[in-house]
Amino acid sequence: MRRRIVVLLASLVAAAGVSLSVGTGIASACDTNWWNLGCQFYSPAEGHTGTEFCCSASECVYSTFDTTNFLRIKYILTTAGGSWLNSVATGYATTFCFTAQNPGSDKVGCYNHNSGTLWVNCRHYNP
Amino acid sequence: MKNIPHRGPLALALGMLVVVAGITVGAVTLQSSKAQTNAPPPVLSFRDAPLTPELREQLVKAAQSAGIGVGTLREVAGVGTPPYRASIFIGTTSDSAELVALRMSNGSSTFVPVGAIMAGERPLSVSVSAQPDASGATGHVQLVGIAAPEARRVVVDLANGKQREAELVRLERGATSFLAFTSDDSSTFPVAVRALGADGKELAVRDLRSAIAPVQIANISG
């Protein structure tokens, strides 16, 4: 009985360690800088965008995401009001640069088009 | 005189030869033009690639930041007319590394090694772009793909249930193939892409239905 309790406690400690290390990895990958568009879990059909930065017609999106279940994330270009203008479904750690249709007001970001929740770290920048 | 009786059959034989040769030449010419029709799209120099000034500037910046000489840039597998064009740009760095950028519509990825794109996706990596029509439904789709050597054929499943063989463009260096596909007609939108091995066995399938679906704007913040 005592041996079982020891094994159980050891398992709990190991599991807690694994959880802590994964959590730390995700947290350290996130930042609160101006280029961050949403470093979080994205539910299906959830997206996060930001207005393009000054001063060129191009605006780039970059993301990393959990590839355990899905290999693609969708990058989007929308109007200031949120109307869909363009989208690109692409792979892990890809940078894709859109040409804005309304320079200075269009938004870019990431969108989860997959069937399940996905952890995404999405950023944008003006090239 | 004594040859005269033989001239008739000889002339007949020569005439038949001419006719047969004519038919052969005609058939070869026809085959050649058919092959040209189905031939992969040409490789274009960066100067000749159809680009908007904005996209040209963007690609130049991306190439320079990756250490690629702009003079080495080529557009391969290009199909469609801007702004609904799909292709892959290839450039060479000073240490002879080949990097690729995926071009879809009036945008492109940055330049990265083929190996980085194929990581975890071998033998087939597919990226797809979509834009709305006037009603907000998907109106235009562009697709680019990279196939590893073991993928001998790539087939595109269309929305109308038919299939289309992708034209694989292979450069002189390396065995990797590139492909591109565009459609502005919902019946021929690509809904899946399949890589097939030498024995016809299916090696990979990439489902594209959610990738080309309209973006539901109600769920976007920011």
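Residues numbered from 1 in each chain as written. Chains lettered and ligands numbered in written order. Predicted model: local features only at pLDDT ≥ 70, side-chain atom pairs only at ≥ 80, totals over all residues. Heavy atoms only, no water.

Quick word on unusual backbone geometry
Cut-off, in case you're wondering: For the purposes of this entry, the term helix denotes a DSSP run of H or I that reaches at least four residues, the term strand denotes a run of E that reaches at least two, and both are numbered from the N terminus.
Cis rather than trans, the peptide bond between B:Pro82 and B:Pro83 has omega equal to 5°. Counting through the fold element by element, B:Pro83 comes out in the loop between β2 (74-79) and β3 (86-92). Each neighbour pair has its own omega, and for B:Arg122 with B:Pro123 the value is 15°, a cis peptide bond. Note on placement: B:Pro123 falls in the loop between α3 (114-118) and β7 (124-132). Backbone geometry places A:Ala93, a non-glycine residue, at a positive phi of 60°. We note that B:Ser96 has phi near 70°; this positive angle belongs to a residue other than glycine. In this structure, B:Ser96 sits in the loop between β3 and β4 (98-104).

Regarding the packing of aromatic side chains
Applicable threshold: For Phe, Tyr and Trp, rings pair up if their centres lie within 6.5 Å, where Trp contributes its six-membered ring, and each pair is then called stacked (planes under 30 degrees apart), edge-to-face (over 60) or tilted (otherwise). Each residue is placed in one exposure class: buried if its accessible area under a 1.4 Å probe, protein chains only, is under 20% of its type's maximum, exposed if it is over 50%, and partly exposed if it falls in between. The criterion for a charge sitting over a ring is simple: Lys NZ or Arg CZ within 6 Å of the ring centre, and within 35 degrees of the ring normal.
Evaluated as defined, the whole model comprises three aromatic pairs over all chains. Centroid distance A:Phe65 to A:Tyr92: 5.6 Å. Interplanar angle 65°. Geometry classified as edge-to-face. With a gap of 27 residues between them, A:Phe65 in strand β3 (residues 58-65) and A:Tyr92 in the loop between β5 (84-90) and β6 (95-99) connect regions that are remote in the sequence. Residue class for A:Tyr92 comes out partly exposed when judged on its relative accessible area of 45%. The ring centre of B:Phe46 lies 5.0 Å from the NZ or CZ of B:Arg56, which sits over that ring.

Looking at the confidence of the model for chain B
Residues and elements named next belong to chain B. Selection rule: The pLDDT value tells you how sure the predictor is about a given residue, anywhere from 0 up to 100. Residues count as neighbours in contact if any of their non-hydrogen atoms are within 4.5 Å of one another.
Of the residues in chain B, 82% reach a pLDDT of 70 or more, and the chain-wide mean stands at 85. Note on residues 17-37: pLDDT is under 50 here. Beyond four places in sequence and across chains, it has zero contacts. Interface predicted TM-score (ipTM) for the complex: 0.80; the corresponding pTM is 0.80.

Some remarks on the state of the cysteines
The bond known as a disulfide is covalent and runs between the sulfur atoms of two cysteines. Residues and elements named next belong to chain A. The following threshold applies: Cysteine sulfur atoms are paired as a disulfide whenever they fall within 2.5 Å.
Across all of its chains, the model carries three disulfides over all chains by this definition. Across the disulfide from cysteine 30 sits cysteine 39; the S-S distance is 1.8 Å. On the S-S bond that ties cysteine 30 to cysteine 39, the torsion sits near -70°, and the link is left-handed. Residue cysteine 60 pairs covalently with cysteine 97 via a disulfide, S to S 2.0 Å. On the sign convention where negative means left-handed, the S-S torsion of about 95° between cysteine 60 and cysteine 97 marks this disulfide as right-handed. Taken together, the positions of cysteine 60 in strand β3 and cysteine 97 in strand β6 put the pair 37 residues apart, joining distant regions of the chain. For cysteine 60, a relative accessible area of 0% corresponds to the buried category.

Here's the deal with the interface of chain A and chain B
As a reminder of what qualifies: The buried area of a pairing is the accessible area, by a 1.4 Å probe, that goes missing from both parts when the two are put together, added over both. Between Lys or Arg on one side and Asp or Glu on the other, a salt bridge is scored when a side-chain nitrogen of the former is within 4 Å of a carboxyl oxygen of the latter. Think of a polar contact as two N or O atoms within 3.5 Å of one another; within protein, one of them needs to be a possible hydrogen donor and the other a possible acceptor, and neighboring residues in sequence only count if both atoms come from side chains.
If you look at the interface, chain A gives 34 residues, while chain B gives 36 residues. Of the roughly 2,600 Å² buried between chain A and chain B on both sides combined, carbon and sulfur atoms contribute 51%. The interface formed by chain A and chain B includes one salt bridge. Of the charged contacts in the structure, one is a salt bridge between A:Arg72 and B:Glu121, with a shortest N-O distance of 2.6 Å. Our count for the chain A to chain B interface comes out at 19 residue pairs in polar contact (both at pLDDT 80 or more). Taken together, the elements giving at least two residues each to the side of chain A that touches chain B come down to β2 (47-51), β4 (73-78), β5, β6 and β7 (107-111) of chain A. The greatest single-element share of the side of chain A that touches chain B, amounting to seven residues, is contributed by β5(A).

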